[in-house]
Amino acid sequence: MLTKRALLTKTAKRDAAGVHNASRERRAREKEALRESILRAAGEVFLERGYDGLSMRGVAERIGYTATTIYLYFKDKDDLLFALLDEGYADLSRRLAEAAAAEHDPLRRLTAIGRAYIAFGLERPLLYQVMFMRRADFLAARLKQRHETRINAFDVLQQAVTDALDAGALKPGDVMIYALSMWALVHGVVSLAITLPLTDASLVERLTEIAMAATLGSVQTATDVTPGHKKPHRGV
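Bear in mind that the values here come from a model prediction, so they are computed numbers and not experimental data. (Residues numbered from 1 in each chain as written. Predicted model: local features only at pLDDT ≥ 70, side-chain atom pairs only at ≥ 80, totals over all residues. Heavy atoms only, no water.)

S.K.: Whenever I open this one, the overall build of the chain confuses me. Can you help?
M.R.: A tally of helices and strands in the chain yields ten helices and zero strands. Order of helices (α) and strands (β) in the chain, N terminus to C terminus: α-α-α-α-α-α-α-α-α-α. Taken across its 236 residues, the chain has 38% of its residues classed as buried. Working note: accessible area of the chain is about 13,600 Å², and carbon and sulfur atoms make up 56% of it. (Helix = DSSP H or I, 4+ residues; strand = E, 2+ residues; numbered from the N terminus. Buried < 20%, exposed > 50% of the residue type's maximum accessible area, 1.4 Å probe, protein only. Areas by Shrake-Rupley, 256 points an atom, 1.4 Å probe, with all protein chains shown as cover.)

S.K.: Could you clarify how one ought to interpret helix α5 (residues 106–123) in this entry?
M.R.: Residues lying three or four places apart along an α-helix face the same way, a consequence of the helix completing one turn every 3.6 residues. Compared with an ideal rise of 1.5 Å per residue, which puts 18 residues at 26 Å, α5 spans 26 Å between its outermost C-alpha atoms and is within 8% of the ideal. Those residues of α5 lying buried are Pro-106, Leu-107, Arg-109, Leu-110, Ala-112, Ile-113, Gly-114, Ala-116, Tyr-117, Ile-118, Phe-120 and Gly-121. Two to three positions downstream of the cap, the backbone nitrogen of Leu-107 sits 3.1 Å from a side-chain oxygen, assigning the N-cap of α5 to Asp-105. (Expected span 1.5 Å × (residues − 1). Polar contact = N/O pair within 3.5 Å; in protein donor to acceptor, adjacent residues only side chain to side chain.)

S.K.: How do you make sense of unusual backbone geometry when you look at a structure like this?
M.R.: Of note, the bond from Leu-196 into Pro-197 is cis; its omega dihedral lies within 30 degrees of zero at -15°. On the secondary structure map, Pro-197 appears in the loop between α9 (175–195) and α10 (201–219).

S.K.: Please clarify how the packing of aromatic side chains should be interpreted in this entry.
M.R.: Note on aromatic pairs: each is described by the distance of the centres and the angle between the planes. Applying the stated rule across the entire model yields seven aromatic pairs. Ring geometry for Tyr-89 against Phe-132: centres 5.9 Å apart, planes inclined by 85°, an arrangement best described as edge-to-face. In this pair, Tyr-89 is assigned in helix α4 (residues 77–101) and Phe-132 in helix α6 (residues 125–133), connecting sequence segments 43 residues apart. Both residues of the pair, Tyr-89 and Phe-132, count as buried. Cluster of aromatic residues (ring-pair linked, three or more members): Tyr-89, Tyr-117, Phe-120, Tyr-128, Phe-132, Phe-154 and Trp-183. (Phe/Tyr/Trp six-rings, centres within 6.5 Å; stacked < 30°, edge-to-face > 60°.)

S.K.: What exactly am I supposed to notice about the confidence of the model for the chain here?
M.R.: The predicted coordinates ought not to be read in detail in places where the model reports low pLDDT. On average, residues of the chain carry a pLDDT of 84, and 79% of them reach 70 or more. Highest mean pLDDT in the chain belongs to α5 (95); lowest belongs to helix α7 (residues 136–142) (59). Per-residue pLDDT stays below 50 along residues 224–236; that stretch engages in 25 contacts with residues further than four places along the chain or on separate chains. (pLDDT = per-residue confidence, 0-100. Contact = heavy atoms within 4.5 Å.)

S.K.: Sorry if this is basic, but what is going on with the pattern of salt bridges here?
M.R.: As a working rule, side chains carrying opposite charge can pair if their charged atoms are close by. Under the defined criterion, the tally for this structure stands at 14 salt bridges. Across the salt bridge formed by Glu-98 and Arg-94, the nearest N and O atoms sit 3.4 Å from each other. Separated by four residues within a single helix, Glu-98 and Arg-94 lie in helix α4, roughly one turn from each other. Take Arg-94: its relative accessible area is 40%, and that puts it in the partly exposed class. One network of salt bridges, with partners in common, ties together Glu-87, Asp-91, Arg-94, Arg-95, Glu-98, Glu-123 and Arg-124. (Salt bridge = Lys/Arg side-chain N within 4 Å of Asp/Glu carboxyl O.)

S.K.: Would you explain the nonpolar core in this entry?
M.R.: The nonpolar side chains of soluble globular proteins are, as a tendency, buried together. Residues Val-59, Leu-110, Val-161 and Leu-170 are the most contacted members of the largest nonpolar core, which totals 61 residues. Contributions of two or more residues to this core are made by α1 (4–53), α2 (56–63), α4, α5, α6, α8 (147–166), α9 and α10. (Core = buried A, V, L, I, M, F, W, Y, C linked by side-chain atoms within 4.5 Å.)

S.K.: For this particular structure, what's the right way to read the packing of α4 against α6?
M.R.: Each pair of packed helices can be summarised by the angle the axes make with each other and by the distance between the axes. Where α4 meets α6, the axes come as close as 10 Å, and the angle between the chain directions of the two elements is 100°. In this view, α4 runs roughly perpendicular relative to α6, as classed from their interaxial angle. Facing Leu-81, Leu-84, Leu-85, Gly-88, Tyr-89 and Leu-92 of α4, the residues of α6 in contact are Leu-127, Val-130, Met-131 and Phe-132. Grouping the amino acids of the contact of α4 with α6 by side-chain chemistry returns nine nonpolar, one polar and no charged. (Axes fitted to C-alpha atoms, helices over the stretch in contact; angles between N-to-C directions. Parallel < 35°, antiparallel > 145°, perpendicular 65-115°, else oblique. Nonpolar A, V, L, I, M, F, W, Y, C, P; charged D, E, K, R; others polar.)

S.K.: Quick question: what am I supposed to make of the environment of Leu-198 here?
M.R.: In this fold, Leu-198 is placed in the loop between α9 and α10. Accessibility expressed as a relative area gives 21% for Leu-198, which makes it partly exposed. For the pair Leu-198 and Leu-122, spaced 76 residues apart in sequence, the C-alpha separation works out to 9.8 Å. Beyond its immediate stretch of four places on either side in the chain, Leu-198 contacts Leu-192, Ala-193, Leu-203, Val-204 and Leu-207.

What follows is the structure in structure tokens.
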């Protein structure tokens, strides 16, 4: 049996460990919050000044820190820009994959993916502009080694198109052309909403609904197809 002194000592050690763990968790949250602030500021500076105008010092000044602090998180501005884009592509890929997994009907799956893409762009407009609207060709030349992070999202869309073709829900056609057409549609909606800007959520919703219906309506088969029935189609 523990003596009163031993019991008090054990309790004190447990409390001290709890305080230490809480402090460690708080520091981790603060570091993550600062990292997110750095990434957000980097996106703002990039949109305002372009790649050549992006600097560690400029990002630091934007959030009220020294450039030395930024270097604790990222080795240079390319590393910073890569991190920002990687985060964006990973989030987009995750959203599209979740949308695809939630729908079993092939046409509704395509619609769900399109809506998830638009929601991403509208919820993270600054990041979306960095990813797709500001010198994408210029960024692509610097992101060749990160190709896999950028292609995952498009793979989700391509697979959904392939599944719809296999199910006979779409007219026989080229997977890549169908996927690019879908991408052009949703990118157009997001770009329009950001640049005008369209702040009326009901207007954006109506625009999305009509655009999706028009695009899919032009390529879907005229009659319902029994699930599991497959029609031939050309690959990519």
